[in-house]
Amino acid sequence: MAYREKTAWLSLIGLAVAFGPYFAMTLLWPPDNTLPNLSQLGLFGVASVVRMLILGCGYLYLRYNSPKADRMPPDERDRAISQRSITAAYYVLMAGMLIVGMIMPFNQSGWTLVNSALLMIVLAEVVCGSIVVLSYRWQRA
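First, a word on what this report is: a plain description of the structure on this page. All figures in this text were calculated on a predicted structure; none of them were measured in a lab.

## Some points on the nonpolar core
- Grouped together as the largest cluster of nonpolar side chains are nine residues: Leu-15, Ala-18, Phe-19, Tyr-22, Phe-23, Ala-47, Trp-111, Leu-118 and Val-122.
- Breaking this core down by element, the ones donating at least two residues are α1 (3–28) and α4 (111–138).
- Ranked by the residues each element gives to this core, the list is headed by α1, at five residues.

And the structure:
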């Protein structure tokens, strides 16, 4: 498995482990829409710290257990894969932000908007990481 594919898997796992439970708890026990809701903010903080710990430990593990040849600067294929994944993630993010910023304010408020925006950011990251993984799996650039 390519080093950049491993880091994409790490990012996807970090997102799933940190924000999967966050969104599940938000759906099961919706927060009241008063701002600031410190318990919801604390839950978001815990999810963010968990993701950062997973990414930090994972990157350190990959750095010390991968051959230096695998960690070379990106070549043309790596840059093409990165560009394609970032472009697709950008479209997902922009569509989500248009919905959250231009449609939802007319019938939603508070934490519903905040969590919807966060969901769109997480979905864009998932799209980016998934395209990287699939591109390396299919060896396409």
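Read on for the rest.
## A few points about the packing of helix α2 (residues 38–65) against α4
- The contact between α2 and α4 brings their axes to 12 Å, and the two run at 15°. What the angle tells us is that α2 and α4 run roughly parallel. Pair α2 / α4 crosses with left-handed handedness. On α4, the residues touching Gln-40, Leu-41, Phe-44 and Arg-51 of α2 are Trp-111, Asn-115, Leu-118 and Glu-125.
- Classifying every residue of the contact of α2 with α4 gives four nonpolar, two polar and two charged.

## Here's the deal with α4
- Between its first and last C-alpha atoms α4 spans 40 Å; for 28 residues at 1.5 Å apiece the expected length is 40 Å, and the two agree.
- Two residues or fewer past α4, Gln-139 is found with a positive phi of approximately 55°.

## Some words on the pattern of salt bridges
- Taken as a whole and judged by the stated rule, the model has three salt bridges.
- A salt bridge links Arg-137 to Glu-5; the shortest N-O distance between them is 2.6 Å. Of this pair, Arg-137 sits in helix α4 while Glu-5 is found in helix α1, placing the two residues 132 residues apart along the sequence.
- Close ionic contact of Glu-76 with Arg-79 constitutes a salt bridge, the shortest N to O distance being 3.8 Å. One end of the pair, Glu-76, and the other, Arg-79, are both in helix α3 (residues 76–103), three residues apart, so they sit about a helical turn from each other.
- Residue Arg-79 is classed as partly exposed on the basis of its relative accessible area of 45%.

## Quick word on a nonpolar patch on the surface
- A cluster of nonpolar side chains, Met-1, Trp-9, Ile-13 and Val-17, forms an exposed patch at the surface whose accessible area comes to about 400 Å².
- Along the polypeptide, Met-1 turns up in the segment before α1.
- In this structure Met-1 comes out as exposed when scored by relative accessible area, which is 56%.

## Overview of the packing of aromatic side chains
- This model, assessed by the stated rule, comprises six aromatic pairs.
- Ring geometry for Tyr-22 versus Phe-23: centroids 5.2 Å apart, planes at 75°, classification edge-to-face. Residue Tyr-22 shares its accessibility class with Phe-23, and that shared class is buried.
- An aromatic cluster is present here, built from Phe-19, Tyr-22, Phe-23 and Phe-44 joined pairwise through their rings.

Rules used in this analysis
- Residues numbered from 1 in each chain as written.
- Predicted model: local features only at pLDDT ≥ 70, side-chain atom pairs only at ≥ 80, totals over all residues.
- Heavy atoms only, no water.
- Core = buried A, V, L, I, M, F, W, Y, C linked by side-chain atoms within 4.5 Å.
- Buried < 20%, exposed > 50% of the residue type's maximum accessible area, 1.4 Å probe, protein only.
- Helix = DSSP H or I, 4+ residues; strand = E, 2+ residues; numbered from the N terminus.
- Axes fitted to C-alpha atoms, helices over the stretch in contact; angles between N-to-C directions.
- Parallel < 35°, antiparallel > 145°, perpendicular 65-115°, else oblique.
- Left-handed = near helix turned anticlockwise from the far one by under 90°.
- Contact = heavy atoms within 4.5 Å.
- Nonpolar A, V, L, I, M, F, W, Y, C, P; charged D, E, K, R; others polar.
- Expected span 1.5 Å × (residues − 1).
- Salt bridge = Lys/Arg side-chain N within 4 Å of Asp/Glu carboxyl O.
- Patch = residues over 30% accessible without salt bridge, like charges linked within 9 Å, V, L, I, M, F, W, Y side chains within 5 Å.
- Areas by Shrake-Rupley, 256 points an atom, 1.4 Å probe, with all protein chains shown as cover.
- Phe/Tyr/Trp six-rings, centres within 6.5 Å; stacked < 30°, edge-to-face > 60°.

In short, the description is geometric, and any link to function would need to be established separately.
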